[in-house]
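# Descriptive analysis of the structure
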Amino acid sequence: MADSKRKPRRAFKETADSPVGYDADRVEAAVREFLLGIGEDPDREGLRDTPGRIARSCAELFAGLDQDAEEVLATTFDASHDEMVLVRDIEVQSFCEHHLLPFHGLAHVAYIPPESGHVTGLSKIARLVDVFAKRPQVQERLTTQIADALVDYLHVRGALVVVDCEHMCMTMRGVRKPGSRTTTSAVRGQLRDAATRAEAMSLIVGGR
Ligand SMILES: Nc1nc2c(ncn2[C@@H]2O[C@H](COP(=O)(O)OP(=O)(O)OP(=O)(O)O)[C@@H](O)[C@H]2O)c(=O)[nH]1
Ligand SMILES: [Zn+2]
């Protein structure tokens, strides 16, 4: 279909992380082609609406491509808090960029507020995780991006991010190891200090 005739249903526009923006028509056409590719009949009753459904759901599943971590962390308030803040057990749902199969698990985010004593709302930490999770990802980059955003935008003195996930590409197919989990961590600033890091880890593990 010529571009001029296409009626793009754009959930979001071009951003730095999504250079061409979201184009539901493209997703829909690709899913139809995919169904043909796996030997299915995309016109049979049960599949007829599937390309459109997937196009709509992808706008939500990959919404992080349109979101800006700096904006999420822009709301801060003075809590005059000098010590570590830990938000534990944040649900992570993402897609591995190699197979576009889900990986899911938990993120734990610890940080030492900036010298100003400003903290961000607790929900913003969970939103930050989603900004980077709702994209095609690898777990290591997801972990690093969360830690770097805390340093770059919240100017924290230290950050420790631990992500623990099960990857469906390792359970449903391929090596088929259900129950195997991958743990990644990223540590920045004062949380590199052995004692502070140990304190954060004991809070993460101890809270289970
Ligand atoms: N490091 C890392 N690897 C990942 C992640 N998600 C998926 N993978 C791995 O990406 C790799 C891709 O390997 P390839 O050999 O290119 O693909 P493949 O033939 O499908 O590999 P198998 O999964 O071993 O069958 C696999 O080993 C996956 O387990 C992730 O978040 N981090
Ligand atoms: Zn994978």
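Model, not experiment: these values are computed from the prediction.

Conventions we followed
- Residues numbered from 1 in each chain as written.
- Chains lettered and ligands numbered in written order.
- Predicted model: local features only at pLDDT ≥ 70, side-chain atom pairs only at ≥ 80, totals over all residues.
- UniProt positions renumbered as here; feature names shortened; annotations may be inferred.
- Helix = DSSP H or I, 4+ residues; strand = E, 2+ residues; numbered from the N terminus.
- Buried ≥ 20, exposed ≤ 12 C-beta atoms within 10 Å, placed from the backbone.
- Expected span 1.5 Å × (residues − 1).

Further remarks concern the UniProt feature "domain: GTP cyclohydrolase I" (unreviewed entry) in the protein chain. As recorded in UniProt, the sites labelled "domain: GTP cyclohydrolase I" (unreviewed entry) are residues 28-204. Across residues 28-204, the secondary structure splits into 38% helix and 28% strand, with the terminal C-alpha atoms separated by 42 Å.

Within this numbering scheme, the UniProt entry marks Cys 96, His 99 and Cys 169 as carrying the feature "binding site: Zn(2+)" (unreviewed entry). Their sequence span is 74 residues, while the largest C-alpha to C-alpha distance among them is just 7.9 Å; these annotated residues converge on one region. The topology assignment puts Cys 96 in strand E2 (residues 85-96). Classification of Cys 96 as partly exposed rests on a count of 18 C-beta atoms within 10 Å. Within the secondary structure, His 99 sits in the loop between E2 and strand E3 (102-112).

For Asp 89, which is not a glycine, the phi torsion comes out positive at approximately 60°. Tracing the backbone shows Asp 89 in strand E2. Asp 89 sits in the exposed class, given 12 other C-beta atoms within 10 Å. Phi is positive for Arg 176, which is not a glycine, with a value near 50°.

Under the 1.5 Å per step criterion, the end-to-end length of helix H1 (residues 24-37) is 20 Å for 14 residues, consistent within 8% with the ideal 20 Å. Backbone geometry just downstream of H1 places Gly 39 in the positive-phi region, at approximately 90°.

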